[in-house]
Amino acid sequence: MKCKKCKQPAIIALRRHNAAFCREHYLEYFYGQVERAVKEYRMFARDDRILVAVSGGKDSLALWDVLLTLGYRADGLYIDLGIDGYSERSKEKVLYFARERGANLRIASIKEEYGLGIRELARKARRAACSVCGLHKRYLFNREAMEGEYDAIATGHNLDDEAATLLGNLLNWNTGYLARQSPLLEATAANLVKKVKPLYRLTEREIASYAVLRRVDYIVEECPMAVGAKSILYKNVLNQLEEVSPGTKARFLFGFLEEGRQVFAGEKEEVALKACALCGQPTTAEVCSRCRTLRRAGVTL
Ligand code: Q46
Ligand code: ZN
Ligand code: ZN
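Residues numbered from 1 in each chain as written. Chains lettered and ligands numbered in written order. Predicted model: local features only at pLDDT ≥ 70, side-chain atom pairs only at ≥ 80, totals over all residues. Heavy atoms only, no water.

(A) Quick look at the coordination of the zinc ion (ligand 3). All of the protein donors around the zinc ion (ligand 3) are C276 (SG), C279 (SG), C288 (SG) and C291 (SG); their distances to the metal are 2.3 Å. Coordination at the zinc ion (ligand 3) comes from four donor atoms whose angles at the metal span 105 to 114°, giving a geometry best classed as tetrahedral. Given a relative accessible area of 4%, C276 falls into the buried group. Taking the relative accessible area as the measure of exposure, C279 reaches 23% and is therefore partly exposed. (Donors = N, O, S within 2.8 Å, 3.2 Å for Na, K, Ca; no water. Tetrahedral: all angles 85-135°; square planar, octahedral: opposite > 155°, others 65-115°. Buried < 20%, exposed > 50% of the residue type's maximum accessible area, 1.4 Å probe, protein only.)

(B) Quick peek at unusual backbone geometry. In the Ramachandran plot, R42 falls in the positive-phi region, its phi being about 45° despite a non-glycine side chain. Following the sequence through the fold, R42 ends up in the loop between α1 (23–40) and β3 (49–54). Phi at W173 is positive, roughly 45°, even though this residue is not glycine. (Helix = DSSP H or I, 4+ residues; strand = E, 2+ residues; numbered from the N terminus.)

(C) Structural context of the packing of α1 against helix α9 (residues 204–213). Across the interface, α1 lies against α9 with an axial gap of 11 Å and an inter-helix angle of 125°. The angle between α1 and α9 places the two elements in the oblique class. Crossing angle aside, the handedness with which α1 passes α9 is left-handed. Residues R23, Y26, L27, Y29, F30 and Y31 of α1 pack against E206, I207, S209, Y210 and L213 of α9. Class assignment for the residues of the contact of α1 with α9 results in eight nonpolar, one polar and two charged. (Axes fitted to C-alpha atoms, helices over the stretch in contact; angles between N-to-C directions. Parallel < 35°, antiparallel > 145°, perpendicular 65-115°, else oblique. Left-handed = near helix turned anticlockwise from the far one by under 90°. Contact = heavy atoms within 4.5 Å. Nonpolar A, V, L, I, M, F, W, Y, C, P; charged D, E, K, R; others polar.)

(D) Representation of the packing of aromatic side chains. Under the counting rule described, the total for this entry stands at nine aromatic pairs. Aromatic side chains F44 and Y72 sit 5.1 Å apart centroid to centroid with 75° between the ring planes, which places their arrangement in the edge-to-face category. With a gap of 28 residues between them, F44 in the loop between α1 and β3 and Y72 in the loop between α2 (58–69) and β4 (73–80) connect regions that are remote in the sequence. An identical accessibility class is assigned to F44 and Y72; each is buried. (Phe/Tyr/Trp six-rings, centres within 6.5 Å; stacked < 30°, edge-to-face > 60°.)

(E) Molecular detail of the sheet that holds strand β8 (residues 194–196). The six strands lie next to each other as β5-β4-β3-β6-β8-β7, forming an open sheet whose pairing is mixed. The outermost strands of the open sheet, each flanked by one partner alone, are β5 (105–109) and β7 (184–185). Here β3 runs beside β4; their pairing, made up of six bridges, is parallel. Among the inter-strand pairings, V54 is bridged to a residue of β4, identified as Y78. The sheet contacts of α2 involve β3, β4, β5 and β6 (152–154), and relative to β3 the element is tilted by about 155°. (Pairing = 2+ DSSP bridges.)

(F) Representation of the site of ligand 1 in the model. Near ligand 1 the following residues occur: L81, C130, C133, K137, C223, M225 and A226. Each residue belonging to the shell around ligand 1 can be placed in one class, and the counts come to six nonpolar, no polar and one charged. (Near = heavy atom within 4 Å.)

(G) The pattern of salt bridges, seen in detail. The tally for this structure, following the rule as stated, stands at 23 salt bridges. Between R46 and E35 there is a salt bridge, with the nearest N and O atoms lying 3.0 Å from each other. You can see R46 sitting in the loop between α1 and β3 and its partner E35 sitting in helix α1, a full 11 residues away along the chain. Overall, R46 belongs to the partly exposed group, its relative accessible area being 43%. (Salt bridge = Lys/Arg side-chain N within 4 Å of Asp/Glu carboxyl O.)

(H) Geometry of the nonpolar core. Y26, F30, F44, W64 and L67 are the most contacted members of the largest nonpolar core, which totals 57 residues. Here the element with the most residues in this core is α1; it accounts for eight residues. Setting aside residues up to four positions removed in sequence, L67 forms contacts with F44, I50, V52, Y72, A74 and A154. Counting 30 residues, the second largest nonpolar core, distinct from the first, contains I79, Y114, V193 and C223. (Core = buried A, V, L, I, M, F, W, Y, C linked by side-chain atoms within 4.5 Å.)

(I) Representation of the coordination of the zinc ion (ligand 2). Coordination of the zinc ion (ligand 2) by the protein is provided by C3 (SG), C6 (SG), C22 (SG) and H25 (ND1), with metal-donor distances spanning 2.1 to 2.3 Å. Coordination geometry of the zinc ion (ligand 2): the four donor atoms subtend angles of 97 to 115° at the metal centre, consistent with an arrangement described as tetrahedral. Here the donor residues of the zinc ion (ligand 2) are spaced in sequence according to C-x2-C-x15-C-x2-H. Remark: H25 occurs in helix α1 and C6 occurs in the segment before β1 (12–14); sequence separation between them is 19 residues.

(J) Layout of the side chain of K58. Inspection of the secondary structure puts K58 in helix α2. Beyond its immediate sequence surroundings of up to four residues, K58 is in contact with E204, I207, A208 and Y218.

Laid out in C-alpha coordinates, this is it:
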(Lines give C-alpha, C1' and ligand atoms only; values in the text may rest on other atoms or scores of the structure.)
(Ligands and ions follow the chains in the order given, each with its own letter.)
Protein backbone atom coordinates (compact mmCIF):
# COMPACT_ATOMS: atom_id res chain seq x y z
CA MET A 1 0.00 0.00 0.00
CA LYS A 2 1.53 3.27 -1.14
CA CYS A 3 0.68 6.87 -0.38
CA LYS A 4 -1.40 8.38 -3.19
CA LYS A 5 0.60 11.60 -3.01
CA CYS A 6 4.26 10.61 -2.56
CA LYS A 7 4.32 6.82 -3.20
CA GLN A 8 6.05 6.20 0.12
CA PRO A 9 4.61 3.42 2.33
CA ALA A 10 1.09 4.37 3.46
CA ILE A 11 -0.13 4.13 7.05
CA ILE A 12 -3.85 4.44 6.40
CA ALA A 13 -6.24 3.42 3.64
CA LEU A 14 -9.42 5.41 3.02
CA ARG A 15 -11.68 3.17 1.02
CA ARG A 16 -14.30 5.85 0.55
CA HIS A 17 -11.70 7.95 -1.29
CA ASN A 18 -10.04 4.98 -2.93
CA ALA A 19 -6.78 6.30 -1.50
CA ALA A 20 -4.03 5.59 1.02
CA PHE A 21 -1.74 8.11 2.69
CA CYS A 22 1.54 8.36 4.57
CA ARG A 23 1.53 10.26 7.88
CA GLU A 24 2.36 13.63 6.35
CA HIS A 25 -0.19 13.41 3.58
CA TYR A 26 -2.87 12.00 5.85
CA LEU A 27 -2.53 15.04 8.10
CA GLU A 28 -2.62 17.25 5.01
CA TYR A 29 -5.84 15.52 3.90
CA PHE A 30 -7.34 15.92 7.38
CA TYR A 31 -6.53 19.64 7.69
CA GLY A 32 -7.81 20.15 4.15
CA GLN A 33 -11.19 18.65 5.04
CA VAL A 34 -11.51 20.90 8.10
CA GLU A 35 -10.52 24.04 6.18
CA ARG A 36 -12.99 23.12 3.47
CA ALA A 37 -15.80 22.77 6.01
CA VAL A 38 -14.91 26.09 7.63
CA LYS A 39 -14.80 27.89 4.26
CA GLU A 40 -17.87 26.31 2.70
CA TYR A 41 -20.09 27.28 5.58
CA ARG A 42 -18.21 30.43 6.57
CA MET A 43 -18.02 29.06 10.08
CA PHE A 44 -15.53 31.62 11.34
CA ALA A 45 -12.81 33.95 10.14
CA ARG A 46 -9.07 33.82 10.79
CA ASP A 47 -9.08 36.08 13.83
CA ASP A 48 -12.43 35.08 15.31
CA ARG A 49 -12.42 33.69 18.83
CA ILE A 50 -13.75 30.15 19.00
CA LEU A 51 -14.98 28.26 22.03
CA VAL A 52 -14.53 24.51 21.56
CA ALA A 53 -16.88 22.33 23.61
CA VAL A 54 -14.62 19.55 24.88
CA SER A 55 -15.81 16.36 26.57
CA GLY A 56 -12.45 14.60 26.84
CA GLY A 57 -13.39 12.24 24.00
CA LYS A 58 -11.48 11.89 20.74
CA ASP A 59 -13.68 14.07 18.54
CA SER A 60 -13.70 17.20 20.65
CA LEU A 61 -10.03 17.01 21.65
CA ALA A 62 -9.02 16.29 18.04
CA LEU A 63 -11.06 19.32 16.99
CA TRP A 64 -9.35 21.54 19.53
CA ASP A 65 -5.97 20.21 18.39
CA VAL A 66 -6.74 20.85 14.70
CA LEU A 67 -7.95 24.39 15.28
CA LEU A 68 -4.89 25.26 17.38
CA THR A 69 -2.56 23.66 14.84
CA LEU A 70 -4.17 25.60 12.01
CA GLY A 71 -3.55 28.79 13.98
CA TYR A 72 -7.10 29.60 15.05
CA ARG A 73 -7.80 31.32 18.36
CA ALA A 74 -9.50 28.41 20.05
CA ASP A 75 -10.23 28.07 23.78
CA GLY A 76 -11.83 25.01 25.36
CA LEU A 77 -14.99 24.68 27.43
CA TYR A 78 -15.43 21.61 29.62
CA ILE A 79 -18.76 20.93 31.28
CA ASP A 80 -18.50 18.75 34.35
CA LEU A 81 -21.75 16.75 34.36
CA GLY A 82 -21.10 15.28 37.81
CA ILE A 83 -21.31 11.65 36.63
CA ASP A 84 -19.40 9.61 39.19
CA GLY A 85 -16.05 8.38 37.91
CA TYR A 86 -16.64 9.17 34.27
CA SER A 87 -16.65 12.94 34.78
CA GLU A 88 -13.41 12.88 36.80
CA ARG A 89 -11.65 10.73 34.23
CA SER A 90 -12.77 12.80 31.26
CA LYS A 91 -11.91 16.07 33.00
CA GLU A 92 -8.40 14.81 33.62
CA LYS A 93 -7.88 14.27 29.89
CA VAL A 94 -9.09 17.78 29.11
CA LEU A 95 -6.90 19.37 31.80
CA TYR A 96 -3.88 17.45 30.54
CA PHE A 97 -4.49 18.54 26.96
CA ALA A 98 -4.89 22.21 27.92
CA ARG A 99 -1.77 22.13 30.09
CA GLU A 100 0.34 20.38 27.50
CA ARG A 101 -0.64 22.72 24.66
CA GLY A 102 -0.72 25.85 26.80
CA ALA A 103 -4.34 26.42 25.75
CA ASN A 104 -7.06 28.32 27.63
CA LEU A 105 -9.75 26.25 29.27
CA ARG A 106 -13.04 27.30 30.84
CA ILE A 107 -14.86 24.90 33.14
CA ALA A 108 -18.52 24.87 34.16
CA SER A 109 -19.83 22.38 36.71
CA ILE A 110 -23.44 21.21 36.89
CA LYS A 111 -23.01 20.01 40.46
CA GLU A 112 -21.55 23.31 41.60
CA GLU A 113 -24.33 25.26 39.92
CA TYR A 114 -27.29 23.19 41.13
CA GLY A 115 -25.96 20.94 43.88
CA LEU A 116 -26.86 17.85 41.83
CA GLY A 117 -25.18 15.86 39.07
CA ILE A 118 -26.98 15.26 35.77
CA ARG A 119 -28.16 11.78 36.75
CA GLU A 120 -29.82 13.00 39.98
CA LEU A 121 -31.20 16.10 38.29
CA ALA A 122 -32.88 13.96 35.63
CA ARG A 123 -34.25 11.50 38.17
CA LYS A 124 -35.77 14.29 40.25
CA ALA A 125 -37.25 15.98 37.20
CA ARG A 126 -38.50 12.58 35.94
CA ARG A 127 -36.89 13.12 32.56
CA ALA A 128 -34.44 11.08 30.49
CA ALA A 129 -30.86 11.92 31.50
CA CYS A 130 -29.73 12.70 27.96
CA SER A 131 -32.51 15.16 27.30
CA VAL A 132 -31.79 17.02 30.55
CA CYS A 133 -28.09 16.90 29.74
CA GLY A 134 -28.74 18.32 26.27
CA LEU A 135 -30.69 21.26 27.69
CA HIS A 136 -28.00 22.12 30.19
CA LYS A 137 -25.15 21.76 27.76
CA ARG A 138 -26.89 24.03 25.29
CA TYR A 139 -27.55 26.60 28.01
CA LEU A 140 -24.00 26.50 29.38
CA PHE A 141 -22.31 26.58 25.96
CA ASN A 142 -24.24 29.69 25.13
CA ARG A 143 -23.84 31.38 28.50
CA GLU A 144 -20.09 30.78 28.58
CA ALA A 145 -19.67 31.89 24.97
CA MET A 146 -21.63 35.08 25.62
CA GLU A 147 -19.70 35.83 28.80
CA GLY A 148 -16.36 35.23 27.13
CA GLU A 149 -17.41 37.16 24.01
CA TYR A 150 -16.66 34.34 21.59
CA ASP A 151 -17.66 34.48 17.94
CA ALA A 152 -18.58 30.81 17.61
CA ILE A 153 -19.07 27.62 19.58
CA ALA A 154 -17.47 24.61 17.88
CA THR A 155 -18.50 21.04 18.63
CA GLY A 156 -16.82 17.78 17.62
CA HIS A 157 -19.76 16.29 15.69
CA ASN A 158 -18.39 14.11 12.91
CA LEU A 159 -19.72 12.56 9.70
CA ASP A 160 -20.97 9.47 11.56
CA ASP A 161 -22.85 11.58 14.12
CA GLU A 162 -24.45 13.75 11.48
CA ALA A 163 -25.39 10.81 9.25
CA ALA A 164 -26.94 9.00 12.23
CA THR A 165 -28.93 12.11 13.18
CA LEU A 166 -30.09 12.43 9.60
CA LEU A 167 -31.19 8.79 9.48
CA GLY A 168 -33.09 9.21 12.76
CA ASN A 169 -34.79 12.37 11.52
CA LEU A 170 -35.79 10.67 8.28
CA LEU A 171 -37.06 7.51 9.94
CA ASN A 172 -39.30 9.64 12.13
CA TRP A 173 -40.05 12.30 9.50
CA ASN A 174 -38.96 15.07 11.82
CA THR A 175 -39.36 17.61 9.07
CA GLY A 176 -38.65 20.61 11.31
CA TYR A 177 -35.32 19.09 12.36
CA LEU A 178 -34.55 18.14 8.76
CA ALA A 179 -35.01 21.75 7.75
CA ARG A 180 -32.53 22.88 10.39
CA GLN A 181 -29.86 20.15 10.36
CA SER A 182 -26.65 21.80 9.24
CA PRO A 183 -22.93 22.10 10.08
CA LEU A 184 -23.68 25.75 10.83
CA LEU A 185 -26.41 26.99 13.13
CA GLU A 186 -26.62 30.75 12.87
CA ALA A 187 -27.39 32.81 15.95
CA THR A 188 -31.07 33.64 15.58
CA ALA A 189 -31.21 36.03 18.53
CA ALA A 190 -28.94 38.73 19.91
CA ASN A 191 -27.98 36.69 22.96
CA LEU A 192 -27.20 33.50 21.06
CA VAL A 193 -23.79 32.50 19.72
CA LYS A 194 -23.60 30.59 16.44
CA LYS A 195 -22.68 26.90 16.51
CA VAL A 196 -20.41 25.14 14.06
CA LYS A 197 -19.26 21.57 13.37
CA PRO A 198 -15.90 21.74 11.57
CA LEU A 199 -15.40 17.92 11.62
CA TYR A 200 -18.60 17.05 9.79
CA ARG A 201 -16.68 15.89 6.69
CA LEU A 202 -14.55 13.37 8.64
CA THR A 203 -15.52 9.94 9.92
CA GLU A 204 -15.07 8.64 13.44
CA ARG A 205 -12.34 6.30 12.26
CA GLU A 206 -10.49 9.10 10.48
CA ILE A 207 -10.63 11.25 13.61
CA ALA A 208 -9.41 8.39 15.80
CA SER A 209 -6.44 7.95 13.43
CA TYR A 210 -5.72 11.67 13.59
CA ALA A 211 -5.83 11.60 17.40
CA VAL A 212 -3.34 8.72 17.50
CA LEU A 213 -0.98 10.37 15.01
CA ARG A 214 -1.05 13.64 16.93
CA ARG A 215 -0.75 11.90 20.30
CA VAL A 216 -3.98 13.32 21.62
CA ASP A 217 -4.69 11.46 24.85
CA TYR A 218 -8.46 11.04 25.08
CA ILE A 219 -10.98 9.09 27.15
CA VAL A 220 -11.96 5.92 25.31
CA GLU A 221 -14.97 4.96 27.45
CA GLU A 222 -18.32 6.40 26.44
CA CYS A 223 -20.57 8.31 28.81
CA PRO A 224 -22.38 5.59 30.83
CA MET A 225 -25.74 7.18 29.94
CA ALA A 226 -25.16 6.61 26.22
CA VAL A 227 -25.86 2.88 26.57
CA GLY A 228 -28.80 1.84 24.43
CA ALA A 229 -29.02 5.19 22.63
CA LYS A 230 -30.77 4.99 19.25
CA SER A 231 -27.89 6.86 17.64
CA ILE A 232 -25.60 3.89 18.31
CA LEU A 233 -27.98 1.58 16.46
CA TYR A 234 -28.19 4.01 13.53
CA LYS A 235 -24.40 4.24 13.38
CA ASN A 236 -24.10 0.45 13.28
CA VAL A 237 -26.59 0.20 10.44
CA LEU A 238 -24.79 2.90 8.47
CA ASN A 239 -21.44 1.20 9.09
CA GLN A 240 -22.82 -2.03 7.66
CA LEU A 241 -23.84 -0.20 4.50
CA GLU A 242 -20.45 1.53 4.39
CA GLU A 243 -18.69 -1.82 4.61
CA VAL A 244 -20.45 -3.10 1.50
CA SER A 245 -20.39 0.19 -0.33
CA PRO A 246 -17.65 2.60 0.82
CA GLY A 247 -18.69 6.25 0.67
CA THR A 248 -22.34 5.59 1.52
CA LYS A 249 -22.28 7.70 4.69
CA ALA A 250 -20.69 10.68 2.97
CA ARG A 251 -23.06 10.46 -0.02
CA PHE A 252 -26.03 10.23 2.33
CA LEU A 253 -25.04 13.26 4.40
CA PHE A 254 -23.47 15.50 1.75
CA GLY A 255 -26.29 14.74 -0.70
CA PHE A 256 -28.78 15.79 1.94
CA LEU A 257 -26.92 19.01 2.69
CA GLU A 258 -26.58 19.89 -1.00
CA GLU A 259 -29.93 18.71 -2.37
CA GLY A 260 -32.25 17.18 0.19
CA ARG A 261 -32.33 19.81 2.87
CA GLN A 262 -33.90 22.51 0.73
CA VAL A 263 -36.91 20.26 0.18
CA PHE A 264 -37.76 20.75 3.85
CA ALA A 265 -37.06 24.49 3.92
CA GLY A 266 -40.78 25.27 4.17
CA GLU A 267 -40.96 23.29 7.41
CA LYS A 268 -38.72 25.76 9.18
CA GLU A 269 -40.96 27.51 11.62
CA GLU A 270 -40.18 31.16 12.07
CA VAL A 271 -40.60 31.36 15.81
CA ALA A 272 -40.46 34.53 17.80
CA LEU A 273 -37.82 34.20 20.50
CA LYS A 274 -38.09 36.05 23.79
CA ALA A 275 -35.97 36.10 26.90
CA CYS A 276 -36.69 33.43 29.51
CA ALA A 277 -38.26 35.06 32.56
CA LEU A 278 -35.82 33.23 34.82
CA CYS A 279 -32.46 32.96 33.04
CA GLY A 280 -32.80 35.47 30.20
CA GLN A 281 -31.73 33.07 27.44
CA PRO A 282 -33.80 32.93 24.25
CA THR A 283 -36.87 30.71 24.32
CA THR A 284 -40.28 30.45 22.70
CA ALA A 285 -42.08 30.05 26.06
CA GLU A 286 -42.30 32.28 29.14
CA VAL A 287 -39.77 30.08 30.95
CA CYS A 288 -37.24 28.01 28.98
CA SER A 289 -37.20 24.21 29.16
CA ARG A 290 -33.90 24.20 31.07
CA CYS A 291 -35.39 26.34 33.84
CA ARG A 292 -38.62 24.33 33.85
CA THR A 293 -36.65 21.08 34.35
CA LEU A 294 -34.72 22.67 37.18
CA ARG A 295 -37.95 23.73 38.85
CA ARG A 296 -39.38 20.21 38.47
CA ALA A 297 -36.23 18.87 40.12
CA GLY A 298 -36.78 21.23 43.04
CA VAL A 299 -33.77 23.44 42.38
CA THR A 300 -34.35 27.03 43.45
CA LEU A 301 -33.49 29.48 40.73
S1 Q46 B 1 -23.02 13.27 27.77
FE2 Q46 B 1 -25.08 13.82 28.26
FE3 Q46 B 1 -24.28 12.49 26.12
FE4 Q46 B 1 -23.90 11.42 28.55
S5 Q46 B 1 -25.75 12.16 29.55
FE6 Q46 B 1 -26.38 11.60 27.49
S7 Q46 B 1 -26.23 13.50 26.40
S8 Q46 B 1 -24.69 10.38 26.75
S9 Q46 B 1 -23.50 13.22 24.21
ZN1 ZN C 1 2.73 10.71 1.25
ZN1 ZN D 1 -34.41 29.84 31.46
